[in-house]
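# An overview of the molecular structure
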Amino acid sequence: MRPAGALSLAGALSLAGVLVGDSRAQPAGTLLSLDLGRTVPPGGDALSHGRGLDCREVRKRNSSEWCRFVRSNPDCRLDGGFLDYIEGVFCVFPPRLLPLAVTLYALWLLYLFIILGVTAEKFFCPNLSAISTNLKLSHNVAVFSLMFPLHGVTFLAFGNGAPDVFSAVVAFSDPRTAGLAIGAIFGAGVFVTTVVAGGIALVKPFTAASRPFLRDVIFYMVAVFLTFMILYFGRITLGEALGYLGLYVFYVFTVVLCTWIHRRQRGEGLAPPAPWEPEMPTDAEEQESSGTNSGDYGEEYQPLLPSRETSLRILTTALSPLDYRKWRRKPWYWRLFKVFKVPVELVLLLTVPVVDPDKDDLNWKRPLNCLHVLTSPLLCILTLKSGAYGLYQIQGIFPVWGLVILVGSFLAIIIFITTSNEEPPKYHCVFAFLGFLASAMWINAAATELVNILRTLGIIFQLSNTVLGLTLLAWGNSIGDTFSDLTMARQGYPRMAFSACFGGIIFNILVGVGLGCLLQMTSSQLVVKLEPDSLLVWILAGALGLSLVFSFVSVPAQCFQLGKAYGICLILYYLAFLCVALLTEFRVIHLSAI
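Here we summarise the structure given alongside this text.

Cut-off values and rules
Residues numbered from 1 in each chain as written. Predicted model: local features only at pLDDT ≥ 70, side-chain atom pairs only at ≥ 80, totals over all residues. Heavy atoms only, no water. Helix = DSSP H or I, 4+ residues; strand = E, 2+ residues; numbered from the N terminus. Buried < 20%, exposed > 50% of the residue type's maximum accessible area, 1.4 Å probe, protein only. Areas by Shrake-Rupley, 256 points an atom, 1.4 Å probe, with all protein chains shown as cover. Salt bridge = Lys/Arg side-chain N within 4 Å of Asp/Glu carboxyl O. Core = buried A, V, L, I, M, F, W, Y, C linked by side-chain atoms within 4.5 Å. Contact = heavy atoms within 4.5 Å. Expected span 1.5 Å × (residues − 1). Arc of directions from axis to C-beta. Phe/Tyr/Trp six-rings, centres within 6.5 Å; stacked < 30°, edge-to-face > 60°. Lys NZ or Arg CZ within 6 Å of the ring centre and 35° of its normal. Axes fitted to C-alpha atoms, helices over the stretch in contact; angles between N-to-C directions. Parallel < 35°, antiparallel > 145°, perpendicular 65-115°, else oblique. Nonpolar A, V, L, I, M, F, W, Y, C, P; charged D, E, K, R; others polar. Disulfide = S-S within 2.5 Å. Patch = residues over 30% accessible without salt bridge, like charges linked within 9 Å, V, L, I, M, F, W, Y side chains within 5 Å.

### Structural notes on the overall build of the protein
- Broken down by element type, the protein carries 22 helices and seven strands.
- Split into buried and exposed, the 594 residues of the protein put 50% on the buried side.
- Taken as a whole, the protein presents about 28400 Å² of accessible surface, with 68% of it coming from carbon and sulfur.

Structure, rendered in structure tokens:
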């Protein structure tokens, strides 16, 4: 029986099986089955022999049999990741300490969300911005107004949606966790378009930007309808997966085209914002907001003295995740949260370079950047496939990680000798690509652990992957957007925050589903079969579609004047949806057998 893991290598294994005459190899055209309801373990033949039971069955057995059950059952094996959470909770902890294990897992789950948020906000997004700057996407003054929205709906959307997309790709990589992907993508969509959008209306009543709102809602409804049809027919083909990505490209083109048409209508010069155009802060407001941005690493890591510093002083200053002046004036809860983030930030500073085009020195820290030449490739090789490639022995003698250390050390010494502390080298932009790759590997590793621990919690509490996706995973991935959008609304920019609610999640669903399924296809496996055998999947899809239709009808009906009544309705709608979803999960609501 072929193991459930290594889905992306299925085609290669099939071809190898044909060449060597292995009858177990998977024939061409086989459907890759992704179960979106309760887990159905791979390997149907094992079921007929009493093996390969659903791992959730472990809770129905005597506690003395838990460890033996999970170690002998293939469905209890986690593909990828550095920690075996299932074996840990059922073998390492005695049964009477199961509540302690669950508590520790819950705390680790919260910390994984912190890792995802810090990595995306402080390292992934800045390097994406630097890459877009080096690619001249926004520095051409003649086309700045046209390329700025392109920058926002591509690079910024990728940066903000990185945790969601990486989580979806990781979840789609295993048939047993595919329900997490659908639950998280749809669940986050319902949460953002109801709770976050409603919260913005409650915090600051405003007039919505009409044309961008209608454009984004229409595109999102089309994406949800396509996903609904794919779930209805039970599979997604190569053309349909590419169609998801193509639809997002068309959305980007539409945004740019609408912006160009609007600029032409306004003519050259700065006309007052149209009723549907999001407000932009004035120069004074931009300066004030940039000066009070507590999340800006540039402010935290500025040297205290402007005099020439030694390499050791530059290294220690750049690696310090605390600004003591800011620490003294911040409230206690900010300090408490900062204490939890310091270990993550320190490790990220050691392994991920950040290029800042807004600084005169482009954030060039010579000793630290030379260290990054060694640590970033080492990080990538040790996190790829959970370290399998990094631990590989070349000719059975020398490990790959040792070769990376030798090459990285050689390059770091050359860069250190040929550069200075005061001026960045001409090739400093390469560090933005290196930082982008390293931060992406961090996000991928954290997302893998996140999916594995959610699956473990589902086994412990007998919950489906779908309900875990629409609750814990969706909430965790959306919490950053929630705080940022509500903060933006309080600062007087509710239209920007409201536009972000509907514009950002388009990227998540189109790229998350399209790319997640596309990466599971090979030359011999061009169809991914989706199996929504749970009523909850249809309730989730229907709830998202209904919430979009409600906003699509009610917002224009109010002449785009959104107040507290609209916000209360959206939040009540989400609470009702959550109650129905949980009642369905616990089979209080179910379909009667015919």
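### Remarks on the pattern of salt bridges
- The tally for this structure, following the rule as stated, stands at 10 salt bridges.
- Between R71 and E87 there is a salt bridge, with its nearest N and O atoms 3.1 Å apart. Separated by 16 residues along the polypeptide, R71 in helix α3 (residues 66-72) and E87 in helix α4 (residues 85-92) bring together distant segments of the chain.
- Between R455 and D75 there is a salt bridge, with its nearest N and O atoms 3.6 Å apart. Of this pair, R455 sits in helix α18 (residues 430-461) while D75 sits in the loop between α3 and α4, and the two are 380 residues apart along the sequence.
- For R455, a relative accessible area of 3% corresponds to the buried category.
- Within the structure, one salt-bridge network assembled from shared partners comprises K338, K341 and E345.

### A short note on the nonpolar core
- Of all hydrophobic cores here, the largest spans 127 residues; its most connected members are F90, F186, I236, F498 and I509.
- It is helix α5 (residues 98-134) that provides the largest number of residues to this core, a total of 16 residues.
- Counting 11 residues, the second-largest nonpolar core is a separate cluster that includes A130, V373, A412 and I415.

### A word on the side chain of N452
- Secondary-structure assignment places N452 in helix α18.
- Once you skip the residues sitting within four places of it in the chain, N452 turns out to touch L78, D79, G80, G81 and Y85.

### Things to note about unusual backbone geometry
- A positive phi angle, close to 60 degrees, is found at L362, a residue other than glycine.
- The topology assignment puts L362 in the loop between α15 (332-351) and α16 (366-383).
- Unusually for a residue other than glycine, F560 sits at a positive phi of about 65 degrees.
- Mapped onto the fold, F560 is located in the loop between α21 (535-557) and β7 (561-562).

### Some words on helix α22 (residues 564-585)
- Helix length check: α22, at 22 residues, gives a terminal C-alpha distance of 32 Å against a target of 32 Å (1.5 Å per residue), a fit within 8%.
- The set of residues buried in α22 consists of Y566, G567, L570, Y574, F577, L578, A581, T584 and E585. Along the long axis of α22, the arc covered by the buried residues comes to 130 degrees, so they all point the same way. Exposed residues on α22 whose side chains face more than 90 degrees from its buried face are K564, A565 and L572.
- On its buried side, α22 packs onto α8 (178-203), α19 (465-490), α20 (494-518), α21 and β7.
- Within two residues after α22, R587 carries a phi angle of roughly 60 degrees, on the positive side.

### A short note on the packing of aromatic side chains
- Summed over all chains, the structure comprises 19 aromatic pairs.
- Measuring from centroid to centroid gives 5.1 Å for F219 and Y251, while their planes differ by 70 degrees, and the two rings are edge-to-face. Of this pair, F219 sits in helix α9 (residues 210-233) while Y251 sits in helix α10 (residues 238-266), placing them 32 residues apart in sequence.
- Here the aromatic rings of Y248 and F507 are separated by 5.3 Å at their centres, their planes lie at 70 degrees, and the arrangement is edge-to-face. Remark: F507 occurs in helix α20 and Y248 occurs in helix α10; sequence separation between them is 259 residues. The pair Y248 / F507 is uniform in exposure class, with both members buried.
- A cation over a ring is seen here: K330 above W334, with NZ or CZ 5.7 Å from the ring centre.

### Here's the deal with helix α13 (residues 311-318)
- For α13, the set of buried residues is I314, T317 and A318. End-on view of α13: buried residues confined to an arc of 95 degrees, all on one side of the axis.
- On its buried face, α13 sits against α15 and α16.

### With respect to the packing of α9 against α10
- Their axes nearest at 12 Å, the elements α9 and α10 cross at an angle of 170 degrees. Considering their axes alone, α9 and α10 lie roughly antiparallel with respect to each other. Between α9 and α10, the contacting residues are R211, R215, D216, F219, V222, A223, L226, T227 and I230 on the first element and E240, Y244, L247, F250, Y251, T254, V255, C258 and Q265 on the second.
- When the residues that make up the contact of α9 with α10 are grouped by side-chain class, the tally is 11 nonpolar, three polar and four charged.

### Observations regarding the state of the cysteines
- Applying the stated rule across the entire model yields two disulfides.
- The partner cysteine of C67 in its disulfide is C91, sulfur to sulfur 2.3 Å. Given an S-S torsion of about 105 degrees, the disulfide between C67 and C91 has right-handed geometry. Of this pair, C67 sits in helix α3 while C91 sits in helix α4, placing them 24 residues apart in sequence.
- In the protein, the bonded cysteines, taken in the order they occur along the sequence, pair up as 1-3, 2-4.

### With respect to the environment of T207
- Within the element layout of this structure, T207 appears in strand β2 (residues 206-207).
- With relative accessibility at 26%, the residue T207 sits in the partly exposed group.
- Here the alpha-carbon distance between T207 and Q561, two residues 354 residues apart in the chain, equals 4.5 Å.
- If we ignore the near neighbours within four places in the chain, the residues touching T207 are R495, F560 and Q561.

### Comments concerning the environment of L349
- With respect to the element layout, L349 can be found in helix α15.
- When the C-alpha positions of L349 and K122 are compared, they lie 9.9 Å apart, and in sequence the two are 227 residues distant.

### Overview of a nonpolar patch on the surface
- Residues Y392, I394, I397, F398, L403, L406, V407, F410, L411 and I414 make up a contiguous nonpolar surface patch of about 970 Å² in total accessible area.
- Here the element with the most residues in the nonpolar patch is helix α17 (residues 400-418); it accounts for six residues.
- Inspection of the secondary structure puts I414 in helix α17.

### A look at the side chain of S167
- Looking at where S167 falls in the secondary structure, it is placed in helix α7 (residues 162-172).
- According to the relative accessible area criterion, S167 is buried, its value standing at 2%.
- Excluding its chain neighbours within four sequence positions, the residues that come into contact with S167 are A447, L450, V451, L473 and N477.

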